[in-house]
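The residues making up each chain are set out below.
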Amino acid sequence: MYLITGATGNVGGELTRALIAAGEPVRALVRRAGAAVPEGAEPVVGDLNRPESLTGALRGVRGIFLLPGYDDMPGMLARAGEAGVRHVVLLSGGSAALEDMGNAVSRYMTLSERAVRASGLAWTFLRARAFMSNALRWLPQLREGDVVRVPFPGVRAACVDPFDIAAVAARALTGDGHDGRVHELTGPESLLPAEQVAVLARVLGRDLRFVGLSDEEARAYLEARMPREYVDAFFGFNVDGTLDESRVHPDVERILGRPARTFDQWATTHATAFA
Ligand SMILES: NC(=O)c1ccc[n+]([C@@H]2O[C@H](COP(=O)([O-])OP(=O)(O)OC[C@H]3O[C@@H](n4cnc5c(N)ncnc54)[C@H](OP(=O)(O)O)[C@@H]3O)[C@@H](O)[C@H]2O)c1
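Numbers given for residues are sequential positions, taken from 1 along each chain in its written order. In keeping with the model being predicted, local features are shown solely for residues with a pLDDT of at least 70 and side-chain atom pairs are shown and tallied solely at 80 or more, while totals for entire chains, interfaces and linings include all residues. Hydrogens and water are ignored here; the side-chain numbers use all heavy atoms of the structure.

### Some words on the packing of aromatic side chains
Phase 1 of the analysis: A pair of Phe, Tyr and Trp rings is counted when the ring centres sit within 6.5 Å of each other, with Trp represented by its six-membered ring. The angle between the planes then sorts it: under 30 degrees is stacked, over 60 is edge-to-face, the rest tilted. Taken as a whole, this structure holds 6 aromatic pairs when the rule is applied.
Phase 2 of the analysis: Centre to centre, the rings of phenylalanine 152 and phenylalanine 235 are 5.3 Å apart; their planes meet at 80°, and the pair counts as edge-to-face. Note that phenylalanine 152 is positioned in the loop between strand S7 (147-150) and helix H6 (162-174) and phenylalanine 235 in helix H9 (residues 228-238), a separation of 83 residues in sequence.
Phase 3 of the analysis: Type-normalised accessible area, obtained with a 1.4 Å probe on protein chains alone, sets the label of each residue: buried when under 20%, exposed when over 50%, and partly exposed for intermediate values. Judged by relative accessible area, phenylalanine 152 falls into the buried class, the value being 12%.
Phase 4 of the analysis: Grouping aromatic residues by their ring pairs yields a cluster made of Phe263, Trp266 and Phe274.
Phase 5 of the analysis: Over the face of the ring belonging to tyrosine 221 we find arginine 225, whose NZ or CZ atom lies 3.8 Å from the ring centre.
Phase 6 of the analysis: Over the face of the ring belonging to phenylalanine 163 we find arginine 261, whose NZ or CZ atom lies 4.7 Å from the ring centre. Secondary structure elements follow DSSP: runs of H or I no shorter than four residues count as helices, runs of E no shorter than two count as strands, and numbering proceeds from the N terminus. Each ring is checked for a lysine NZ or an arginine CZ that lies within 6 Å of its centre and within 35 degrees of its normal; such an atom marks a charge sitting over the ring.

### Considerations on the UniProt feature "domain: NmrA-like" (unreviewed entry) in the protein
Phase 1 of the analysis: UniProt's entry tags residues 3-231 with the feature "domain: NmrA-like" (unreviewed entry), counted in the numbering of this structure.
Phase 2 of the analysis: End C-alpha to end C-alpha, residues 3-231 measures 31 Å, and it is 37% helix and 18% strand. UniProt positions are given in the numbering used here, feature names are shortened, and annotations may be inferred rather than shown by experiment.

### Structural notes on the site of the ligand
Phase 1 of the analysis: As a structural note, the neighbourhood of the ligand is formed by 25 residues, with Thr8, Asn10, Arg31, Asp47 and Leu48 the closest of them.
Phase 2 of the analysis: One of the backbone nitrogen or oxygen atoms of glycine 6 is found 3.5 Å away from an oxygen atom of the ligand.
Phase 3 of the analysis: Here a polar contact means two N or O atoms within 3.5 Å. Within protein one must be a hydrogen donor candidate and the other an acceptor candidate, and residues neighboring in sequence count only if both atoms are side-chain atoms. Take asparagine 10: an N or O atom from its side chain is 2.8 Å from an oxygen atom of the ligand.
Phase 4 of the analysis: Values of accessible area rely on a 1.4 Å probe in the Shrake-Rupley scheme; residue burial ignores everything except the protein chains shown. Protein chains shield 77% of the accessible area of the ligand, which is 930 Å² for the free molecule.
Phase 5 of the analysis: Each residue gets one label: Ala, Val, Leu, Ile, Met, Phe, Trp, Tyr, Cys and Pro are nonpolar, Asp, Glu, Lys and Arg are charged, and the others, such as Gly, are polar. Tallied by class, the residues present in the shell around the ligand amount to 13 nonpolar, 7 polar and 5 charged. Being near a molecule or strand, for a residue, comes down to having at least one heavy atom within 4 Å of it.

### What about the sheet that holds strand S2 (residues 26-30)?
Two pairing modes exist for strands in a sheet, parallel and antiparallel, and in both the strands are linked by backbone hydrogen bonds.
Phase 1 of the analysis: Two strands form a pair only when DSSP identifies at least two bridges running between them. Sheet architecture is open: 7 strands sit in the order S3-S2-S1-S4-S5-S6-S8, paired in parallel fashion. Looking along the sheet, the strands with just one partner apiece sit at the ends: strand S3 (42-45) and strand S8 (181-185). When strand polarity is set aside, the average angle formed by the axes of neighbouring strands in this sheet is 20°.
Phase 2 of the analysis: Whether two residues are in contact is decided by their heavy atoms, any of which lying within 4.5 Å being enough. Note on geometry: axes are lines fitted to C-alpha atoms, helical ones only across the stretch in contact, with angles between N-to-C directions running from 0 to 180 degrees. Relative to strand S4 (residues 63-66), helix H3 (residues 73-82) is tilted by about 160°, and along the sheet it contacts S4 and strand S5 (87-93).

### So, unusual backbone geometry
Phase 1 of the analysis: The phi torsion at glutamate 99 lies on the positive side, around 50°, for a residue other than glycine.
Phase 2 of the analysis: Among the secondary structure elements, glutamate 99 is positioned in the loop between S5 and helix H4 (104-118).
Phase 3 of the analysis: With phi around 50°, phenylalanine 152 is a residue other than glycine that occupies positive phi space.

### Section: the environment of proline 151
Phase 1 of the analysis: Structurally, the position occupied by proline 151 is in the loop between S7 and H6.
Phase 2 of the analysis: Given a relative accessible area of 13%, proline 151 falls into the buried group.
Phase 3 of the analysis: Residues proline 151 and aspartate 71 lie 80 residues apart in sequence; the distance between their C-alpha atoms is 29 Å.
Phase 4 of the analysis: Contact partners of proline 151, with chain neighbours within four places excluded, come to Leu213, Ala218, Tyr221 and Leu222.

As C-alpha coordinates, this is what we get:
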(Lines give C-alpha, C1' and ligand atoms only; values in the text may rest on other atoms or scores of the structure.)
Protein backbone atom coordinates (compact mmCIF):
# COMPACT_ATOMS: atom_id res chain seq x y z
CA MET A 1 0.00 0.00 0.00
CA TYR A 2 1.20 3.51 -0.84
CA LEU A 3 0.06 6.61 1.04
CA ILE A 4 -0.18 9.70 -1.15
CA THR A 5 -0.35 13.08 0.54
CA GLY A 6 -1.65 16.08 -1.39
CA ALA A 7 -3.85 13.68 -3.40
CA THR A 8 -6.34 16.51 -4.09
CA GLY A 9 -3.52 18.69 -5.45
CA ASN A 10 -1.49 18.95 -8.65
CA VAL A 11 1.29 16.43 -8.03
CA GLY A 12 -0.45 14.08 -5.61
CA GLY A 13 -3.47 13.85 -7.92
CA GLU A 14 -1.32 12.91 -10.90
CA LEU A 15 0.63 10.41 -8.79
CA THR A 16 -2.52 8.77 -7.44
CA ARG A 17 -3.80 8.31 -11.02
CA ALA A 18 -0.42 6.98 -12.19
CA LEU A 19 -0.18 4.36 -9.43
CA ILE A 20 -3.78 3.23 -9.90
CA ALA A 21 -3.21 2.91 -13.65
CA ALA A 22 -0.20 0.70 -12.82
CA GLY A 23 -2.42 -1.50 -10.64
CA GLU A 24 -0.87 -0.41 -7.34
CA PRO A 25 -2.93 -0.06 -4.11
CA VAL A 26 -3.22 3.62 -3.15
CA ARG A 27 -4.47 5.39 -0.07
CA ALA A 28 -5.15 9.10 -0.60
CA LEU A 29 -4.81 11.42 2.39
CA VAL A 30 -7.54 14.08 2.58
CA ARG A 31 -8.27 16.61 5.28
CA ARG A 32 -12.05 16.52 4.85
CA ALA A 33 -14.19 13.39 4.68
CA GLY A 34 -15.89 13.30 1.30
CA ALA A 35 -13.13 15.21 -0.53
CA ALA A 36 -12.86 14.04 -4.13
CA VAL A 37 -9.87 11.79 -4.89
CA PRO A 38 -9.02 9.98 -8.13
CA GLU A 39 -11.20 6.94 -8.76
CA GLY A 40 -9.77 3.73 -7.38
CA ALA A 41 -7.93 5.34 -4.44
CA GLU A 42 -8.94 4.65 -0.85
CA PRO A 43 -9.55 8.04 0.82
CA VAL A 44 -8.38 8.40 4.39
CA VAL A 45 -8.82 11.46 6.58
CA GLY A 46 -5.80 13.00 8.32
CA ASP A 47 -3.86 16.24 8.75
CA LEU A 48 -0.10 16.42 8.21
CA ASN A 49 0.10 19.11 10.89
CA ARG A 50 -1.26 16.60 13.43
CA PRO A 51 0.81 13.38 13.30
CA GLU A 52 -1.58 11.73 15.78
CA SER A 53 -4.33 11.99 13.12
CA LEU A 54 -2.35 9.76 10.74
CA THR A 55 -2.43 6.44 12.62
CA GLY A 56 -5.11 4.90 10.41
CA ALA A 57 -3.63 6.37 7.24
CA LEU A 58 -0.22 4.78 7.94
CA ARG A 59 -1.45 1.27 8.74
CA GLY A 60 0.01 -1.30 6.33
CA VAL A 61 1.79 1.35 4.24
CA ARG A 62 5.09 0.47 2.53
CA GLY A 63 5.90 3.83 0.89
CA ILE A 64 4.76 7.43 1.34
CA PHE A 65 4.73 10.34 -1.06
CA LEU A 66 5.18 13.26 1.33
CA LEU A 67 4.69 17.01 0.89
CA PRO A 68 7.20 19.25 2.73
CA GLY A 69 6.80 21.93 5.33
CA TYR A 70 4.38 20.73 7.97
CA ASP A 71 4.52 21.55 11.68
CA ASP A 72 6.09 18.39 13.08
CA MET A 73 7.86 16.52 10.30
CA PRO A 74 10.07 14.52 12.77
CA GLY A 75 6.99 13.45 14.75
CA MET A 76 5.13 12.51 11.61
CA LEU A 77 8.08 10.47 10.33
CA ALA A 78 8.53 8.73 13.70
CA ARG A 79 4.93 7.52 13.45
CA ALA A 80 5.55 6.36 9.92
CA GLY A 81 8.55 4.32 11.10
CA GLU A 82 6.57 2.80 13.99
CA ALA A 83 3.81 1.84 11.52
CA GLY A 84 6.33 -0.08 9.40
CA VAL A 85 6.74 2.37 6.51
CA ARG A 86 9.98 1.64 4.67
CA HIS A 87 10.43 4.43 2.10
CA VAL A 88 9.59 8.15 1.90
CA VAL A 89 9.55 10.03 -1.39
CA LEU A 90 9.68 13.69 -0.37
CA LEU A 91 8.52 16.47 -2.67
CA SER A 92 11.13 19.17 -2.18
CA GLY A 93 12.40 22.15 -4.14
CA GLY A 94 15.54 23.68 -5.57
CA SER A 95 15.86 26.00 -2.59
CA ALA A 96 16.56 23.06 -0.26
CA ALA A 97 20.12 23.14 -1.61
CA LEU A 98 20.59 26.70 -0.30
CA GLU A 99 19.96 25.67 3.33
CA ASP A 100 19.04 29.33 3.87
CA MET A 101 17.39 29.51 7.28
CA GLY A 102 16.63 33.22 6.77
CA ASN A 103 14.41 32.39 3.79
CA ALA A 104 11.04 30.88 4.79
CA VAL A 105 10.73 28.64 1.73
CA SER A 106 14.32 27.39 1.76
CA ARG A 107 13.97 26.81 5.52
CA TYR A 108 10.91 24.55 5.29
CA MET A 109 12.37 22.60 2.37
CA THR A 110 15.70 22.16 4.21
CA LEU A 111 14.11 21.19 7.53
CA SER A 112 11.83 18.70 5.76
CA GLU A 113 14.78 17.04 4.01
CA ARG A 114 16.75 16.95 7.28
CA ALA A 115 13.83 15.36 9.12
CA VAL A 116 13.52 12.67 6.46
CA ARG A 117 17.29 11.97 6.48
CA ALA A 118 17.21 11.69 10.27
CA SER A 119 14.17 9.40 10.32
CA GLY A 120 16.08 6.21 9.54
CA LEU A 121 13.67 5.43 6.69
CA ALA A 122 14.85 4.94 3.12
CA TRP A 123 14.32 8.17 1.20
CA THR A 124 14.24 9.84 -2.19
CA PHE A 125 14.12 13.63 -2.61
CA LEU A 126 12.39 15.19 -5.60
CA ARG A 127 13.75 18.73 -5.86
CA ALA A 128 11.18 20.08 -8.28
CA ARG A 129 11.65 23.50 -9.85
CA ALA A 130 8.71 25.89 -10.42
CA PHE A 131 5.61 23.94 -11.40
CA MET A 132 3.99 24.59 -14.79
CA SER A 133 0.70 24.50 -12.89
CA ASN A 134 1.69 27.80 -11.23
CA ALA A 135 0.18 29.30 -14.43
CA LEU A 136 -3.23 28.41 -12.96
CA ARG A 137 -2.63 31.39 -10.63
CA TRP A 138 -3.35 33.58 -13.67
CA LEU A 139 -6.89 32.18 -13.94
CA PRO A 140 -8.65 35.08 -12.16
CA GLN A 141 -6.97 37.58 -14.52
CA LEU A 142 -7.80 35.46 -17.57
CA ARG A 143 -11.46 35.37 -16.53
CA GLU A 144 -11.43 39.20 -16.33
CA GLY A 145 -9.78 39.84 -19.69
CA ASP A 146 -6.72 39.32 -21.86
CA VAL A 147 -4.08 41.13 -19.76
CA VAL A 148 -1.80 38.92 -17.65
CA ARG A 149 0.20 40.76 -14.99
CA VAL A 150 3.11 38.71 -13.65
CA PRO A 151 5.75 39.34 -10.96
CA PHE A 152 9.48 38.97 -11.69
CA PRO A 153 9.23 39.24 -15.50
CA GLY A 154 12.99 38.91 -16.01
CA VAL A 155 13.34 35.57 -14.20
CA ARG A 156 13.65 32.41 -16.29
CA ALA A 157 12.64 29.02 -14.92
CA ALA A 158 12.99 25.50 -16.26
CA CYS A 159 9.48 24.86 -15.02
CA VAL A 160 8.33 21.25 -14.68
CA ASP A 161 5.01 19.54 -15.36
CA PRO A 162 3.47 18.01 -12.20
CA PHE A 163 2.69 15.01 -14.43
CA ASP A 164 6.44 14.39 -14.76
CA ILE A 165 7.09 14.91 -11.04
CA ALA A 166 4.38 12.33 -10.37
CA ALA A 167 5.79 9.92 -12.95
CA VAL A 168 9.21 10.11 -11.26
CA ALA A 169 7.59 9.72 -7.83
CA ALA A 170 5.81 6.58 -9.03
CA ARG A 171 9.12 5.11 -10.26
CA ALA A 172 10.80 6.02 -6.97
CA LEU A 173 8.05 4.44 -4.87
CA THR A 174 7.70 1.22 -6.85
CA GLY A 175 11.14 0.69 -8.39
CA ASP A 176 14.72 0.06 -7.33
CA GLY A 177 17.71 2.39 -7.36
CA HIS A 178 16.12 5.53 -5.92
CA ASP A 179 17.06 5.14 -2.24
CA GLY A 180 19.27 7.98 -1.00
CA ARG A 181 18.97 9.78 -4.34
CA VAL A 182 18.24 13.48 -4.92
CA HIS A 183 16.46 14.02 -8.24
CA GLU A 184 16.57 17.51 -9.77
CA LEU A 185 13.29 17.81 -11.67
CA THR A 186 12.90 20.37 -14.45
CA GLY A 187 11.15 20.72 -17.74
CA PRO A 188 13.06 20.57 -21.05
CA GLU A 189 13.46 24.33 -21.54
CA SER A 190 13.94 27.51 -19.56
CA LEU A 191 11.21 30.08 -20.12
CA LEU A 192 10.54 33.69 -19.19
CA PRO A 193 7.02 34.42 -17.88
CA ALA A 194 6.27 36.33 -21.12
CA GLU A 195 7.20 33.22 -23.12
CA GLN A 196 4.81 31.13 -21.03
CA VAL A 197 2.02 33.64 -21.62
CA ALA A 198 2.76 33.55 -25.37
CA VAL A 199 2.44 29.74 -25.37
CA LEU A 200 -0.82 29.98 -23.44
CA ALA A 201 -2.15 32.58 -25.87
CA ARG A 202 -1.45 30.31 -28.84
CA VAL A 203 -2.90 27.20 -27.19
CA LEU A 204 -6.03 29.02 -26.01
CA GLY A 205 -6.40 30.99 -29.26
CA ARG A 206 -6.52 34.23 -27.30
CA ASP A 207 -4.80 37.55 -27.86
CA LEU A 208 -3.20 37.72 -24.41
CA ARG A 209 -1.09 40.71 -23.44
CA PHE A 210 1.78 40.22 -20.98
CA VAL A 211 2.54 42.95 -18.43
CA GLY A 212 5.58 42.55 -16.17
CA LEU A 213 5.04 43.97 -12.70
CA SER A 214 7.64 46.28 -11.15
CA ASP A 215 9.14 45.04 -7.86
CA GLU A 216 6.87 47.44 -5.96
CA GLU A 217 3.78 46.18 -7.80
CA ALA A 218 4.93 42.59 -7.35
CA ARG A 219 5.17 43.05 -3.59
CA ALA A 220 1.60 44.37 -3.37
CA TYR A 221 0.36 41.59 -5.69
CA LEU A 222 2.03 38.85 -3.64
CA GLU A 223 1.15 40.29 -0.22
CA ALA A 224 -2.52 40.04 -1.20
CA ARG A 225 -2.03 36.32 -1.80
CA MET A 226 0.46 34.92 0.73
CA PRO A 227 2.04 35.61 4.14
CA ARG A 228 4.75 38.28 4.26
CA GLU A 229 7.54 35.79 5.04
CA TYR A 230 6.85 33.97 1.76
CA VAL A 231 6.75 37.25 -0.17
CA ASP A 232 10.17 38.05 1.31
CA ALA A 233 11.35 34.56 0.37
CA PHE A 234 10.35 35.02 -3.29
CA PHE A 235 11.97 38.46 -3.35
CA GLY A 236 15.14 36.84 -2.03
CA PHE A 237 15.08 34.23 -4.80
CA ASN A 238 14.01 36.46 -7.68
CA VAL A 239 15.15 40.01 -6.89
CA ASP A 240 18.26 39.36 -4.79
CA GLY A 241 18.98 36.40 -7.07
CA THR A 242 19.71 33.81 -4.36
CA LEU A 243 18.09 31.01 -6.41
CA ASP A 244 18.55 30.18 -10.09
CA GLU A 245 15.91 27.78 -11.42
CA SER A 246 16.78 28.35 -15.06
CA ARG A 247 19.08 25.36 -15.53
CA VAL A 248 17.63 22.34 -17.33
CA HIS A 249 18.53 19.04 -15.64
CA PRO A 250 18.50 15.63 -17.37
CA ASP A 251 16.95 13.68 -14.47
CA VAL A 252 13.33 13.50 -15.72
CA GLU A 253 14.40 12.14 -19.12
CA ARG A 254 17.00 9.81 -17.60
CA ILE A 255 14.50 8.29 -15.17
CA LEU A 256 11.45 8.14 -17.43
CA GLY A 257 13.24 7.27 -20.68
CA ARG A 258 11.38 9.98 -22.59
CA PRO A 259 11.75 13.77 -22.82
CA ALA A 260 10.32 15.94 -20.06
CA ARG A 261 7.00 17.48 -21.05
CA THR A 262 6.97 21.01 -22.44
CA PHE A 263 4.91 23.95 -21.24
CA ASP A 264 3.06 23.70 -24.56
CA GLN A 265 2.04 20.14 -23.67
CA TRP A 266 0.99 21.20 -20.18
CA ALA A 267 -1.08 24.11 -21.53
CA THR A 268 -2.74 21.90 -24.16
CA THR A 269 -3.63 19.26 -21.56
CA HIS A 270 -5.05 21.86 -19.18
CA ALA A 271 -6.65 24.23 -21.70
CA THR A 272 -10.17 23.46 -20.47
CA ALA A 273 -9.22 24.79 -17.01
CA PHE A 274 -8.80 28.22 -18.67
CA ALA A 275 -12.10 28.09 -20.59
N1 LIG B 1 4.47 25.37 -6.83
C2 LIG B 1 5.76 25.18 -7.02
O3 LIG B 1 6.37 25.77 -7.95
C4 LIG B 1 6.52 24.23 -6.12
C5 LIG B 1 7.85 23.94 -6.42
C6 LIG B 1 8.54 23.02 -5.59
C7 LIG B 1 7.87 22.42 -4.53
N8 LIG B 1 6.56 22.75 -4.28
C9 LIG B 1 5.89 22.08 -3.15
O10 LIG B 1 4.87 21.24 -3.69
C11 LIG B 1 3.80 21.21 -2.76
C12 LIG B 1 2.57 20.58 -3.42
O13 LIG B 1 2.20 21.34 -4.51
P14 LIG B 1 0.91 20.94 -5.40
O15 LIG B 1 0.83 22.03 -6.43
O16 LIG B 1 0.94 19.51 -5.82
O17 LIG B 1 -0.23 21.06 -4.32
P18 LIG B 1 -1.54 21.93 -4.37
O19 LIG B 1 -2.24 21.63 -5.69
O20 LIG B 1 -1.21 23.33 -4.01
O21 LIG B 1 -2.37 21.26 -3.21
C22 LIG B 1 -1.90 21.22 -1.88
C23 LIG B 1 -2.23 19.85 -1.33
O24 LIG B 1 -1.76 19.77 0.01
C25 LIG B 1 -2.82 19.29 0.83
N26 LIG B 1 -2.64 19.81 2.18
C27 LIG B 1 -2.49 21.10 2.55
N28 LIG B 1 -2.37 21.19 3.90
C29 LIG B 1 -2.43 19.91 4.38
C30 LIG B 1 -2.39 19.35 5.67
N31 LIG B 1 -2.25 20.12 6.78
N32 LIG B 1 -2.50 18.00 5.81
C33 LIG B 1 -2.66 17.22 4.71
N34 LIG B 1 -2.72 17.69 3.44
C35 LIG B 1 -2.61 19.03 3.29
C36 LIG B 1 -4.06 19.84 0.16
O37 LIG B 1 -5.18 19.15 0.61
P38 LIG B 1 -6.64 19.85 0.76
O39 LIG B 1 -7.43 19.36 -0.42
O40 LIG B 1 -7.15 19.32 2.05
O41 LIG B 1 -6.44 21.34 0.75
C42 LIG B 1 -3.73 19.58 -1.31
O43 LIG B 1 -3.96 18.25 -1.66
C44 LIG B 1 3.70 22.65 -2.33
O45 LIG B 1 3.01 22.78 -1.13
C46 LIG B 1 5.19 23.05 -2.20
O47 LIG B 1 5.66 22.80 -0.90
C48 LIG B 1 5.89 23.62 -5.06
